[in-house]
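Listed below are the residues making up each chain.
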Amino acid sequence: MYSLIVLCAIVTLCPGTVHAQISRFPYVETFDDQAPPGLPAGWSSSSNRTAGQNDFVTASSSPASPPNALLSTNATVEQWVASGQLDFTGLVPDSLFLSVRRSASHGAPVVIECSSDGGATFVLILPDSVLPDGSTDYLHLAYPLPSALAHVARAVIRWRVIPVATGTAGTIRLDNVRVTALHQFDLGIESFSYDQAVQTINAAVYNAGTEDVDGFTLALFHDQDRDSVAELSELLGTTDHPGVLARRDSAIAMVPASPPGPGAHRMIGILSAVKDSNPFNDTLRTDLTFAYPVSSLVINELMYRPLGGGSEYIELYNPGTAAVNPVGWIVSDRPGADGEANEVTFPDSTPLLRPGSYLLIGTDSLIVRQFSSLPASVAVIPAGSLTLNNDGDCILLLDPVGTVVDSVPYEPEWHHTATLDETGRSLERISPFVAGWDRRNWSSCTRPEGGTPGTVNSIALNHTGATEPLTFSPNPFSPDGDGHEDFVLIQFVLPPGSYSFSLRLFDTEGRQIRQLAINEPAGSNGSLLWDGLDDYGQKARIGIYVALLEIHGGRGEVSEAMKGVVVLAGRL
C-alpha cells in the first residue's frame, strides 16, 4: 500500500514546481487574456510590413470565440508568428489544434513548422500546410506533432505566411490554439459515481500515458466545509489497485462509503502512483449527487381541469424535517404513443424548499389571478410542455439521480362522489405520509375557490404517528364534506414475517360495510384512509365501527388479527 503521507506530499510539492517554459498540457491559447494588439507572453512575430510593429496582432475582429483572435493582413509579404517555448521534457507531443479563417482575397498558404532549439531553426514542417480553399468561414484543423519533439525542452511552433503576388487587403485569423502531449506515465481521475447496491463511491481512473502503470492508490475525501482542501478529518477511505493498468485503459477504484445524505456533496479524490509524472489530473474536486428517500418531496395537489382563464398546476410539498434543494429535480407525465414523456426540470434559480413549504408548477400570472391567497413566497416554475390530461395521467417526481420519489396515477374517479363537476376543482392529497399512488389518499378540494395552491390542503389530516399496533386519527371523525376531519387515518404496525394484509370494517351488528384492503403487500408498518363511505359509495351511518386487520403469512394464511374501534360522528 502506498502511504497516505507520501500521497499528500506528492500533491503538495508538484504544483509548486516552476518551469520557465510552457510545461502544462494541454496548453490552450485563445488570445483573450491580453489587450489588443499585444501578443500572449512568450509569443513573437515578424515585423516585415512596418518596422517596429508586429505583423500578427490580437484583435476583437471576428474571433472564433470572443473576445479576441490573432490576425495579420497582406498576403504579398512574408510574415510569421511563433508560440512561446514548449517544454516536452518527459513527454511525447501529441497534436496541434487550431481554428483558421481567411478573407476571400487572402490567397497565401501558411506553413506550420516546429523548432527543437528554442526557435533558432525550424526544420520540422507539419504536413498539409494551411492552403486557401475559397472558404471564408473558420476551419477547425488538427495536426499530429512530430515525434522528433519528444522530450525536447525548448520546442516552438511557428505559423509562416508564404507570400503571393495578390492579396494586399487580405486577412488571415488564428484562434483557439491547443497543444496536447502525452506523459510516459500518467494516471488521472475522470469521474465519480455512487453504487447504491453495494454502497461504494467509485472513481473512474484512466491511463493517459504512453506506458502501462503498475498499481495506484486512491484516497477519497468528503469536503464537508466545501473549502476544496482535503483534510484528514474528511477522509472517507482509501483503496489500492495492485494490478497493471494498461495504456489508454481505465479502471474503477471503489471506496466503501455510506451515503453522506441526499443531494449534492463535494468529493475530493487524490490519486497516487509511484511512476505518475503528471500531477495536474491526479486530484478531482466535484459534486456527487446522492438519491433522496421516497417522499422527501411529495405531489400534494393537482389542478388538471381549471376554469377558463385559469392554469393547470402541480403542487409539491416538503413533509420532512430537512430542507430540500429542488434544483435538477424533474416532474414528468406518462409517455405518449411515441414513447416520449413531457417533463419539467427545475432550473438553478429554484429556491430551497424548507420543511412545510410548497412549490408550484404552472403559469404564475394565471394562478395568482384565480387564487389571490397564494403566498408571495411560493415559487412557481413554468410548466413548459407539461400538461395534465383531463381523463387521467401518471405524474412522476424524480430527484436529480433519477430516483422516483413520488408518483400519482390520478383519475377523475378520485374525486369525491359528491363532486358533480370537477372543472375548477383540484385533487388534494389527504396525508403526505400515505402513498401518492393510493387513490384512498386523494379527494376533492372543499374550498369555494376550488384549490389551495401554496397553502394547507382543505382536507389535510394531521399526522401524529402511530403509538399502538392499530390506531385511528382523528377518532371520532366526521365525513360531512366541510374539510374538517372528513377522513380517518388508520395506522398499524406489522409483526416480522408479514407478507400481506387485509382490512375490513364492520358495524356493531357484525355486518361488513367496507373492504378497505385485500391482500396488499406488507411492510413494517402501514397507513390507510377511510372516507366514511361503504362498499356501495354511500355514506355510512353515524355510529361505532370495528376495524379488523388480518395479517397473512407466506402461504396466504391469516397469521394474526387485530381489532380496533373507530367512531363516525356527524350533526344530528
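For clarity, every value in this text was computed on a predicted model and none was experimentally measured.

1. What to know about the overall build of the protein
Right, on to step 1. The helix and strand inventory of the protein stands at two helices and 35 strands.
Right, on to step 2. Since a compact globule built from 572 residues should have a radius of gyration of about 25 Å, the 35 Å found for the protein marks it as more spread out than a globular shape.
Right, on to step 3. C-alpha extents for the protein along the principal axes are approximately 110 × 60 × 40 Å.
Right, on to step 4. The long-range share in the protein, meaning contacts at least 24 apart out of those at least 6 apart in sequence, stands at 66%.

2. Observations concerning the pattern of salt bridges
Right, on to step 1. Within this structure, the stated rule accounts for 15 salt bridges.
Right, on to step 2. Between Arg158 and Glu113 there is a salt bridge whose closest N-O contact spans 2.7 Å. Note that Arg158 is positioned in strand E10 (residues 156-161) and Glu113 in strand E7 (residues 110-115), a separation of 45 residues in sequence.
Right, on to step 3. Here Arg158 falls in the buried class, since its relative accessible area comes to 15%.
Right, on to step 4. Ionic pairing is found between Arg504 and Glu550, a salt bridge with its closest N-O pair at 3.2 Å.

3. Quick word on the pairing of strand E16 (residues 250-256)
Right, on to step 1. With burial as the criterion, only one face of E16 is covered, namely that bearing Ala251, Ala253 and Val255; the residues Ser250, Ile252, Met254 and Pro256 on the opposite face remain uncovered.
Right, on to step 2. Strand direction decides the pairing type here: strand E13 (residues 200-207) and E16, joined by seven bridges, are antiparallel. Within E16, the residue paired with Thr200 across the bridge is Pro256.

4. Quick look at the sheet that holds strand E22 (residues 343-345)
Right, on to step 1. Spatially, four strands are ordered E22-E21-E25-E26 in an open sheet, and the strand pairing comes out antiparallel. In this open sheet, the two strands that pair with only one neighbour each are E22 and strand E26 (404-408). Taken over all neighbouring pairs, the strand axes of this sheet differ in orientation by 10 degrees on average, direction set aside.
Right, on to step 2. In this structure, strand E21 (residues 330-332) lies alongside strand E25 (residues 395-398), joined through three bridges in antiparallel fashion. Bridging from a neighbouring strand, Val331 pairs with Leu397 of E25.

5. Here's the deal with the side chain of Asp87
Right, on to step 1. You can see Asp87 is positioned in the loop between strand E5 (79-82) and strand E6 (91-102).
Right, on to step 2. For the buried residue Asp87, which engages in no salt bridge, the nearest side chain bearing the opposite charge is Arg154, 9.3 Å off.
Right, on to step 3. At 2.5 Å, the side chain of Asp87 and the side chain of Thr89 are in polar contact.

6. As for unusual backbone geometry
Right, on to step 1. Residue Phe25 is joined to Pro26 through a cis peptide bond whose omega torsion reads 5 degrees.
Right, on to step 2. Inspection of the secondary structure puts Pro26 in the loop between helix H1 (4-13) and strand E1 (27-29).
Right, on to step 3. Despite not being glycine, Ser228 shows a phi value in the positive range, around 65 degrees.
Right, on to step 4. We classify Ser228 as partly exposed; its relative accessible area is 30%.

7. Notes on the nonpolar core
Right, on to step 1. One finds Leu96 and Trp159 to be the most contacted residues of the largest nonpolar core, which totals 36 residues.
Right, on to step 2. The biggest single contributor to this core is strand E11 (residues 171-183), with five residues.
Right, on to step 3. In terms of nonpolar packing, the next biggest core, distinct from the first, is built from 28 residues, Tyr292, Val331, Leu397 and Tyr410 among them.

8. Thoughts on the confidence of the model for the protein
Right, on to step 1. Overall, the prediction assigns the protein a mean pLDDT of 90, with 95% of residues at 70 or greater.
Right, on to step 2. This stretch, residues 1-20, has a pLDDT under 50; its non-local contacts, to residues over four places away or in other chains, come to 21 contacts.

9. Structural notes on the pairing of strand E32 (residues 512-521)
Two faces make up the sheet, and in a regular strand the side chains alternate between them.
Right, on to step 1. Taken together, the six bridges between strand E31 (residues 500-506) and E32 define a ladder with antiparallel strand orientation. Note on E32: the bridge partner recorded for Leu505 is Arg514.
Right, on to step 2. Between the end of E31 and the start of E32, which pair antiparallel, lie five residues, with Gly510 showing a positive phi angle near 85 degrees.

10. Things to note about the sheet that holds E32
Right, on to step 1. Strand order across the open sheet formed by four strands is E32-E31-E34-E35, with antiparallel pairing between neighbours. Strand pairing shows two members of the sheet lacking a second neighbour, E32 and strand E35 (558-568), which therefore form its edges. Between one strand and the next, the sheet's axes are offset by a mean angle of 15 degrees, whatever the strand orientation.

11. Here we look at the environment of Ser99
Right, on to step 1. Among the structural elements, Ser99 can be located in strand E6.
Right, on to step 2. Expressed as a C-alpha distance, the spacing of Ser99 and Asp175, which sit 76 residues apart in the sequence, is 5.1 Å.
Right, on to step 3. Among the polar contacts made by the side chain of Ser99, one reaches the side chain of His140 at a distance of 2.8 Å.

12. Looking at the packing of aromatic side chains
Right, on to step 1. Tallied over the entire structure, the rule returns 12 aromatic pairs.
Right, on to step 2. Measuring from centroid to centroid gives 5.0 Å for Tyr317 and Tyr358, while their planes differ by 35 degrees, and the two rings are tilted. With Tyr317 in strand E20 (residues 313-317) and Tyr358 in strand E23 (residues 358-362), this residue pair connects regions lying 41 residues apart in the sequence.
Right, on to step 3. With relative accessibility at 12%, the residue Tyr358 sits in the buried group.
Right, on to step 4. With a centroid separation of 6.1 Å and an interplanar angle of 35 degrees, the aromatic rings of Trp414 and Trp442 are classed as tilted. Of this pair, Trp414 sits in the loop between E26 and strand E27 (427-429) while Trp442 sits in strand E28 (residues 442-444); the two residues are 28 residues apart in sequence, bridging distant segments of the chain.
Right, on to step 5. In this structure Trp442 comes out as buried when scored by relative accessible area, which is 3%.
Right, on to step 6. The ring of Trp80 carries Arg158 above its face, with NZ or CZ at 5.6 Å from the centroid.
Right, on to step 7. The ring of Phe97 has Arg178 lying over it, and the distance from NZ or CZ to the ring centre is 4.3 Å.

13. Describing the side chain of Asp507
Right, on to step 1. Looking at the secondary structure, you find Asp507 in the loop between E31 and E32.
Right, on to step 2. Residue Asp507 is classed as buried on the basis of its relative accessible area, which comes to 13%.
Right, on to step 3. Only 3.0 Å separates the side chain of Asp507 from the backbone nitrogen of Glu509, close enough to count as a polar contact.

14. What about the environment of Pro479?
Right, on to step 1. Structurally, the position occupied by Pro479 is in the loop between strand E29 (470-473) and strand E30 (488-493).
Right, on to step 2. In this structure the C-alpha to C-alpha distance between Pro479 and Ala540, which are 61 residues apart in sequence, comes to 9.2 Å.
Right, on to step 3. Contacts of Pro479, omitting those with residues within four sequence positions, involve Glu485, Asp486, Asp531, Gly532, Lys539, Leu568 and Ala569.

About the cut-offs
- Residues numbered from 1 in each chain as written.
- Predicted model: local features only at pLDDT ≥ 70, side-chain atom pairs only at ≥ 80, totals over all residues.
- Heavy atoms only, no water.
- Helix = DSSP H or I, 4+ residues; strand = E, 2+ residues; numbered from the N terminus.
- Rg over C-alpha atoms; globule rule 2.2 N^0.38 Å.
- Contact = heavy atoms within 4.5 Å.
- Salt bridge = Lys/Arg side-chain N within 4 Å of Asp/Glu carboxyl O.
- Buried < 20%, exposed > 50% of the residue type's maximum accessible area, 1.4 Å probe, protein only.
- Pairing = 2+ DSSP bridges.
- Axes fitted to C-alpha atoms, helices over the stretch in contact; angles between N-to-C directions.
- Lys, Arg positive; Asp, Glu negative; His and termini not counted.
- Polar contact = N/O pair within 3.5 Å; in protein donor to acceptor, adjacent residues only side chain to side chain.
- Core = buried A, V, L, I, M, F, W, Y, C linked by side-chain atoms within 4.5 Å.
- pLDDT = per-residue confidence, 0-100.
- Phe/Tyr/Trp six-rings, centres within 6.5 Å; stacked < 30°, edge-to-face > 60°.
- Lys NZ or Arg CZ within 6 Å of the ring centre and 35° of its normal.

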